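Chain by chain, the residues run as shown.
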Amino acid sequence: QVQLVDSGGGLVQAGGSLRLSCAAATLTYTDYAMGWFRRAPGKEREFVAAINWSGGYTHYTNSVKGRFTISRDNAKNTVYLQMNSLKPEDTAVYYCAASFAGATDIYRATTANDYDYWGQGTQVTVSS
């Protein structure tokens, strides 16, 4: 059974940092791009970041550029999202996801429909 397990969320003050992790041990890492999405209350799921299998290419939504960094450790089958300078508007449930379509081009993997497997979500709350 394919399972993605995301973790690392919590409550943090504005300006603080968190690192989210996604364990993807059941996936062959070369077959998928990996991404992070978030869903704020009352809003649709939003693309945050994606990374190709080698880690050589990354893509971010404009609102997090310069603050968030996506990375992966293939030896551990784990993807990370380092979040710095957090703002209250970053408050959301964050989901890791795996995209077969993004294996050859991560720019194809920027909408929820492009992803095949999802984690359960981890809550990030940023207070003023």
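Scroll up for the structure.
Residues numbered from 1 in each chain as written. Predicted model: local features only at pLDDT ≥ 70, side-chain atom pairs only at ≥ 80, totals over all residues. Heavy atoms only, no water.

**Student:** How do you make sense of the nonpolar core when you look at a structure like this?
**Tutor:** Counting residues in hydrophobic clusters, the biggest one holds 27 residues, and the most contacted among them are Trp36, Leu81, Met83 and Tyr94. Where this core is concerned, the elements lending two or more residues are strand 3 (18-23), strand 4 (33-39), strand 5 (46-51), strand 7 (68-73), strand 8 (78-83), strand 9 (92-99) and strand 11 (122-127). Residues in contact with tyrosine 94, not counting those within four places in the same chain, are Asp6, Leu20, Trp36, Phe37, Arg38, Val48, Phe68, Leu81, Met83, Gly121, Thr122 and Val124. Listed in part, the six residues of the second largest apolar core include Phe37, Ala97, Ala109 and Tyr115. (Core = buried A, V, L, I, M, F, W, Y, C linked by side-chain atoms within 4.5 Å. Buried < 20%, exposed > 50% of the residue type's maximum accessible area, 1.4 Å probe, protein only. Helix = DSSP H or I, 4+ residues; strand = E, 2+ residues; numbered from the N terminus. Contact = heavy atoms within 4.5 Å.)

**Student:** Looking at this structure, I do not really get the pairing of strand 9. What am I missing?
**Tutor:** A regular strand carries its side chains on alternate faces of the sheet. Strand 9 sits mainly inside the fold: seven of its eight residues count as buried. The pairing of strand 4 with strand 9 spans seven bridges and is classified as antiparallel. Counted as the bridge partner of tryptophan 36 is cysteine 96 from strand 9. Note that strand 9 and strand 11 share three bridges and pair antiparallel. Of the residues in strand 11, the one forming a bridge with alanine 92 is valine 124. Inspection of the sheet shows strand 9 paired to strand 10 (residues 117-118) by two bridges, in the antiparallel sense. Directly across from alanine 97, in strand 10, lies its bridge partner tryptophan 118. (Pairing = 2+ DSSP bridges.)

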